[in-house]
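Summary of structural features
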Amino acid sequence: MSIVQRVYPAEGAQLDALTMHCDHARYVYNLGLEQRSWWTPSRRHFRQKITAASQMRDLTEARREFDWLRAGSTVVQQGALRDLDRAFTNFFARRSGYPTFKKRSGSRQGFVVRDLVVRRINRKWGEILVPKAGWVRFRISRAWTDICAASSARIALANGRWTVSLTTTPVPRREASTTAVVVGIDRGVANSVATSDGRMFHAPGFSAGEQVRFVALQRQLSRQQKGSANLDRTKAKLGRMRLRLADRRGDWIEQTTTVLANTYSGAAVENLPIRNMTRRAKPKPDPDNPGVFLPNGGRAKSGLNRAILASCWGKFAQRLDHKMSVIAVPAAYTSQECSNCGHICPENRESQAVFRCRGCGFEHHADTNAAINIRDRGFDLEYQPGGILGDRVCQSRKRAASTVSVV
Ligand SMILES: [Zn+2]
């Protein structure tokens, strides 16, 4: 868990120091990555295996030799090597791909501050001690006790905005109470989130005007000369628009998940392989003309992918899980199954919004029907004799079911 606060470095020496730290962190990270790529089983004989510890020793040696590296902060540079080590740990645990080099032009730069020292100036402003940069101001938007409890921080620059992300212990989740009510949550494209009791939530996007401007800027970018000042300006404008959109969606996720966590005691969501679902359409080669491809619906697929990613399904489920107990259920046929009789067929779903069962004639909003199926699957998984939720859920199921049949 982390608390992100906005940082306002003073123009001049302080800003330069932060930029220098970003540069050094990136340099050390890339150098360490290159050094690691030297090591292969066949070259093992010329050196010991390269580890975080050996790289720390090499860094100390390099700092002794190069003045400009010594001018930077040991903490920041060692932090970069630790980041690299974590990237490799994640790679070997198959959690992520092979670490890649960080670019100066990358949209996100940053560095680590250990042994965090913060102080409060007044109600709204605090300061964090950054090596070589002194006290850097940040805006307080969270409880001061939570900020003080953090042990380390990461200062980052993304799209022209400096932030500090403070690592804290997670806030305890709301556990199932005596009034246990479990909700099923269907994540979709037309309605970003639909609940089993018929509520709909829509993730915000660009307004129509913003969309037009965004596409126009992208076109402009594609025509501009690489390395030109105009291209940089267009990139910065696009970056600011992306930032605004990300803020809007981030707010929406926080507010919606808090509403759900306050209203219900448990949630069931589909277990969706979002990474697999948003892959690009496979090219379809023409069997008669080698080298020629048939239409594969690529435009439609990339439009759907964009819509799925815009609904922030992954982030939503992640934040929900932080705030309340969440059960992941198998996702197959949740939109085709009748929540009344269990009949499954694709014709049940008449249109995007309407669900009408071919078996029993049950009619409902399609997304709500799917959410009810998800909730019921959650019960099947969670409700076992002596399970965590026990009888209370069974009662709430009866209660929830009665409200549904009224609709
Ligand atoms: Zn039915």
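All values derive from a computational prediction rather than experimental measurement.

Within the protein, the regular secondary structure consists of 12 helices and 16 strands. Residues counted as buried form 39% of the 407 residues belonging to the protein. When contacts within the protein are restricted to residue pairs at least 6 apart in sequence, those whose partners lie at least 24 apart make up 64%. Accessible area for the protein stands at about 23,600 Å²; split by element, carbon and sulfur atoms hold 52% of it.

Helix 10 (residues 313-323) packs onto helix 7 (residues 229-263) with a crossing angle of 45 degrees between their chain directions and a minimal axis gap of 9 Å. Between helix 7 and helix 10, the crossing angle belongs to the class labelled oblique. For helix 7 against helix 10, the interelement crossing comes out right-handed. Contacts between helix 7 and helix 10 involve W252, I253, E254, T256, T257, T258, L260 and A261 on the former and, on the latter, K315, F316, R319, L320 and K323. Its residues placed into classes, the contact of helix 7 with helix 10 shows six nonpolar, three polar and four charged.

All right, on to the sheet that holds strand 8 (residues 182-187) then. Read from one edge to the other, the open sheet built from five strands follows the order 10-9-8-11-14, with strand pairing classed as mixed. Among the strands making up the open sheet, the edge pair consists of strand 10 (200-201) and strand 14 (325-329). Where strand 8 meets strand 9 (residues 193-195), three bridges bridge the pair, whose relative direction is antiparallel. Bridging from a neighbouring strand, D186 pairs with A194 of strand 9. Across the sheet, helix 10 touches strand 8, strand 9, strand 11 (266-270) and strand 14, and the angle it forms with strand 8 is around 165 degrees.

On to the packing of helix 6 (residues 208-223) against helix 7. Running from N to C, helix 6 and helix 7 point in directions that differ by 150 degrees, and their axes come no closer than 10 Å. The orientation of helix 6 with respect to helix 7, classified from their angle, is roughly antiparallel. Between helix 6 and helix 7 the crossing geometry is left-handed. In this structure, helix 6 contributes E210, R213, F214, L217, Q218, Q220 and L221 to the contact, and helix 7 contributes L231, T234, K235, K237, L238, M241, R242, R244 and R248. Class assignment for the residues of the contact of helix 6 with helix 7 results in six nonpolar, three polar and seven charged.

Scoring rules and cut-offs
Residues numbered from 1 in each chain as written. Predicted model: local features only at pLDDT ≥ 70, side-chain atom pairs only at ≥ 80, totals over all residues. Heavy atoms only, no water. Helix = DSSP H or I, 4+ residues; strand = E, 2+ residues; numbered from the N terminus. Buried < 20%, exposed > 50% of the residue type's maximum accessible area, 1.4 Å probe, protein only. Contact = heavy atoms within 4.5 Å. Areas by Shrake-Rupley, 256 points an atom, 1.4 Å probe, with all protein chains shown as cover. Axes fitted to C-alpha atoms, helices over the stretch in contact; angles between N-to-C directions. Parallel < 35°, antiparallel > 145°, perpendicular 65-115°, else oblique. Left-handed = near helix turned anticlockwise from the far one by under 90°. Nonpolar A, V, L, I, M, F, W, Y, C, P; charged D, E, K, R; others polar. Pairing = 2+ DSSP bridges.

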